[in-house]
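These are the residues of each chain, in order.
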Amino acid sequence: MPKIQNFKMYINGEWVESSSGKKIQTLNPENNEVWATVPEANEKDVDKAVQSAQNAFENNWSILHPRDRAKYLKLIADQLRENAEHLGKIETIDTGKIYRETKTQAHYIAEYYDYFAGLADKVEGTVVPIDKPDMQVTTTRIPIGVVAAIIPWNSQMLLTAVKLAPALAMGNTVVIKASELAPVTLLEFAKLIEKTGIPKGVINIITGLGEPCGKALTSHDLVERIAFTGGPETAKHIVKNSAENLSQVSLELGGKSPVVVFDDADQENALNGITAGIFGASGQSCIAGSRLYIQSKIYDEFLDKLITKAKKIKLGGPMEEDTQMGPLNSFKQLENIEKNIKATTDQGGKIRCGGERSSVSNKGYYFPATIIECENHNLPVAENELFGPILSVMKFDKEEEVIKKMNDNKYGLSSGVYTSNFARGIRVSKAIRAGIVFINTYRLISPMAPFGGIKDSGYGKEAGIESIKEYTRIKTTWYNSSDKPMSDPFTMG
Ligand code: NAD
């Protein structure tokens, strides 16, 4: 029986249990065994975290010079680079994502802190060309206050960085709520934060359930900004909660991202891009390219090649070097995938590879790379976000037809186009209604490239130069430059 490890939350620079003493048990997706416990924060703990963030905001962080704030961001980046292997290991046990990817990602996330550190002293105000001769009007960007960051279980280091780094750079303080499905990675990250010596209360990391913890945080009176990443149903709760404190909200939600392969595409490139897009991270990526449209002339040939490639993907333990796909994160996800596949085959969908729970281990949540041909894209696996390695494939003839089909889904996060015709690439990318379009590539991120969706995939952009402004408010200042006293308001003329 492996030893169960106990982790504490990080509030006001201290390591604490929840005030109720309650704990959440967390499972290792590789073997379905409890490997750690974390505190289950309640309203009282949330209040303590928010009060400490508010105190740090008022008395310290918001009045520090941006360059001094930037120094701490750089120290966080250094810590991430030095501890990428350790964090990667923890994230792999926590989420089931393969170690090769979690380790590399933890290292790369440092770039986000460096990028926003560089921007900290470059956000300028304006002088307004005002229509009143004796007045000068300026605008300045000021910090918002306490930011609540709600993080899902997947890619937590990245999804924390795109919120935390710009928020800190602009002088805000932050309370981060980790997901109850994989809460340990961020608590280990808190240990690195502590090592930077950043003032107490500037960053607080808590663990708890959606309710009461997430609810109490997003509706807390002192919270002024909510940055949420997660599913669309949870997002509706978040928006309702924000009615309590009238805070500014950004939402990064799910996707059912369409990818098209035209008959003139470089097939080897398309095969690699599509495989990375849907089978990378076992399909548990918000930008997973899960709806594939193949032009009829190459349909059979291309699909056969894709199936051959998918069948070769090595499913296995996430720590093993040669594993290409690890387990899913939870049993609930596995069951939801099975339910959608059954409903699809009942309506005529044809499983071409995978489709059934894998026997890699009878304990872990393993599901193989799966390809399902669908007569139309209204079948469940082609319409719903599954957050798993399930690719739905449809045939099309004409460019205008496929554009309509690609846009016929409630989500609008990402999309992909494979063609060697430059003009067509431009036409299709302009017509797709999505926040991100990849042309002849897929699944790339950068601190410099804005990320985020439209339609039911949410609003607000993370990463990129503009995103830093989402953590500021504009203050307008009027200066009277006249030597004469102001006229009496009650005397006309
Ligand atoms: P989820 O919506 O179930 O949970 C996300 C977070 O919200 C968790 O921390 C949870 O505790 C919290 N939460 C739940 N109920 C709450 C409430 N009432 N008030 C406040 N907080 C509450 O999502 P998940 O299953 O952890 O993650 C998967 C989803 O996230 C998928 O839909 C995926 O597409 C999406 N996602 C989006 C992006 C993006 O950038 N667009 C990135 C990664 C994941």
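Residues numbered from 1 in each chain as written. Predicted model: local features only at pLDDT ≥ 70, side-chain atom pairs only at ≥ 80, totals over all residues. Heavy atoms only, no water.

Moving on, we come to the sheet that holds strand E17 (residues 390-396). Read from one edge of the open sheet, 7 strands run E15-E16-E17-E14-E13-E19-E20, paired in mixed fashion. With partners counted over all chains shown, the strands left at the sheet margins are strand E15 (350-353) and strand E20 (438-439), one partner each. The pairing of strand E13 (residues 258-261) with strand E19 (residues 416-418) spans 3 bridges and is classified as parallel. Across the sheet, Val-261 pairs through a bridge with Tyr-418, a residue of E19. Of the strands in this sheet, E15, strand E16 (370-373) and E17 touch helix H11 (residues 331-346), which is tilted by about 25° from E16. (Pairing = 2+ DSSP bridges. Helix = DSSP H or I, 4+ residues; strand = E, 2+ residues; numbered from the N terminus. Contact = heavy atoms within 4.5 Å. Axes fitted to C-alpha atoms, helices over the stretch in contact; angles between N-to-C directions.)

The next point concerns the packing of helix H2 (residues 66-82) against helix H4 (residues 99-119). Where H2 meets H4, the closest approach of the two axes is 8 Å, and the angle between their N-to-C directions is 170°. Compared by their axis directions, H2 and H4 come out roughly antiparallel. Here Ala-70, Leu-73, Lys-74, Ile-76, Ala-77, Leu-80 and Arg-81 of H2 lie close against H4, whose contacting residues are Ala-106, His-107, Ile-109, Ala-110, Glu-111, Tyr-113, Asp-114, Phe-116 and Ala-117. Across the contact of H2 with H4, the residue classes tally to 11 nonpolar, 1 polar and 4 charged. (Parallel < 35°, antiparallel > 145°, perpendicular 65-115°, else oblique. Nonpolar A, V, L, I, M, F, W, Y, C, P; charged D, E, K, R; others polar.)

It is worth spelling out the pattern of salt bridges at this point. A complete count under the given rule lists 26 salt bridges for this structure. When the shortest N-O distance is used, the salt bridge between Asp-121 and Lys-122 registers 2.7 Å. Judged by relative accessible area, Asp-121 falls into the partly exposed class, the value being 29%. Of the residues examined, Lys-122 reaches a relative accessible area of 52% and is grouped as exposed. Connected via shared salt-bridge partners are Asp-264, Glu-399, Arg-424 and Arg-427. (Salt bridge = Lys/Arg side-chain N within 4 Å of Asp/Glu carboxyl O. Buried < 20%, exposed > 50% of the residue type's maximum accessible area, 1.4 Å probe, protein only.)

When cut into domains, the protein gives domain 1 (5-253 + 457-477) and domain 2 (258-439). Computed over C-alpha atoms only, the centres of domain 1 and domain 2 are separated by 31 Å. If you look at the interface, domain 1 gives 24 residues, while domain 2 gives 27 residues. Inspection of the domain 1/domain 2 interface yields 1 salt bridge. Notably, a salt bridge pairs Lys-363 with Glu-33, separated by 2.5 Å at the nearest N-O pair. (Domains from an automatic or database assignment.)

Tracing the backbone through its elements, the reader meets Leu-73 in helix H2. For the pair formed by Leu-73 and Leu-168, sequence separation is 95 residues and the distance between their alpha carbons is 7.9 Å. The residues contacting Leu-73, other than those within four sequence positions of it, are Tyr-113, Phe-116, Ala-117, Ala-165, Leu-168 and Ala-169.

Another point: the side chain of Ser-414. Note that Ser-414 resides in the loop between strand E18 (411-412) and E19. Within the structure, the side chain of Ser-414 is placed 3.0 Å from the side chain of Tyr-442, a separation counted as a polar contact. Residues in contact with Ser-414, not counting those within four places in the same chain, are Ser-257, Pro-258, Ile-287, Ala-434, Ile-436, Phe-438 and Tyr-442. (Polar contact = N/O pair within 3.5 Å; in protein donor to acceptor, adjacent residues only side chain to side chain.)

In the neighbourhood of the ligand, 31 residues make up the surrounding shell, with Glu-180, Gly-231, Thr-234, Leu-253 and Glu-385 lying closest. Here Trp-153 contributes a backbone N or O atom positioned 3.2 Å from an oxygen atom of the ligand. When the free accessible area of the ligand is taken as 860 Å², the share hidden by the protein chains comes to 88%. Broken down by secondary-structure element, the contributors of at least two residues to the shell around the ligand are strand E9 (173-178), helix H7 (210-218), strand E11 (223-229) and helix H8 (232-245). The element that contributes the greatest number of residues to the shell around the ligand is H7, accounting for 5 residues. Here the shell around the ligand is built from residues that sort into 13 nonpolar, 12 polar and 6 charged. Each of domain 1 (5-253 + 457-477) and domain 2 (258-439) accounts for three or more of the residues forming the shell around the ligand. (Near = heavy atom within 4 Å. Areas by Shrake-Rupley, 256 points an atom, 1.4 Å probe, with all protein chains shown as cover.)

Every α-helix winds through 3.6 residues per turn, so residues three or four apart in the chain are directed the same way. The end-to-end C-alpha distance of helix H1 (residues 43-59) is 24 Å, a good match for the 24 Å that 17 residues give at a rise of 1.5 Å each. Buried residues of H1: Asp-45, Val-46, Ala-49, Val-50, Ser-52, Ala-53, Gln-54, Ala-56 and Phe-57, and no others. Residue Asn-42 occupies the N-cap position of H1, its side-chain oxygen lying 3.0 Å from the main-chain nitrogen of Lys-44. (Expected span 1.5 Å × (residues − 1).)

Moving on, we come to the packing of helix H13 (residues 399-407) against helix H14 (residues 422-431). As a packed pair, H13 and H14 sit with axes 10 Å apart at the nearest point and diverge in direction by 30°. Judged by the inter-axis angle, H13 sits roughly parallel to H14. By crossing handedness, the relation of H13 to H14 is classed as right-handed. Only Arg-424, Arg-427, Val-428 and Ala-431 of H14 make contact with H13, whose side of the interface consists of Glu-399, Ile-403 and Asn-407. Each residue belonging to the contact of H13 with H14 can be placed in one class, and the counts come to 3 nonpolar, 1 polar and 3 charged. (Left-handed = near helix turned anticlockwise from the far one by under 90°.)

Applying the stated rule across the entire model yields 10 aromatic pairs. With a centroid separation of 5.5 Å and 90° between ring planes, the pair formed by Phe-262 and Phe-396 is classed as edge-to-face. In this pair, Phe-262 is assigned in the loop between E13 and helix H9 (267-279) and Phe-396 in strand E17, connecting sequence segments 134 residues apart. Under the relative-accessibility criterion, Phe-262 is labelled buried at 0%. Sitting over the face of the ring of Tyr-471, Arg-225 holds its NZ or CZ atom 4.3 Å from the ring centroid. Here Lys-395 stacks its cationic end above the ring of Tyr-299, 4.9 Å away from the centre of that ring. (Phe/Tyr/Trp six-rings, centres within 6.5 Å; stacked < 30°, edge-to-face > 60°. Lys NZ or Arg CZ within 6 Å of the ring centre and 35° of its normal.)

We now examine unusual backbone geometry. Residue Pro-212 is bonded to the preceding Glu-211 through a cis peptide linkage, with omega at 10°. If you trace the backbone, Pro-212 turns up in helix H7. Although it is not a glycine, Asn-12 adopts a positive phi angle of roughly 55°. Position of Asn-12 among the secondary structure elements: in the loop between strand E2 (9-11) and strand E3 (14-16). Even without glycine at this site, Ala-281 takes up a positive phi of about 55°. On the accessibility criterion, Ala-281 (12% relative accessible area) is buried.

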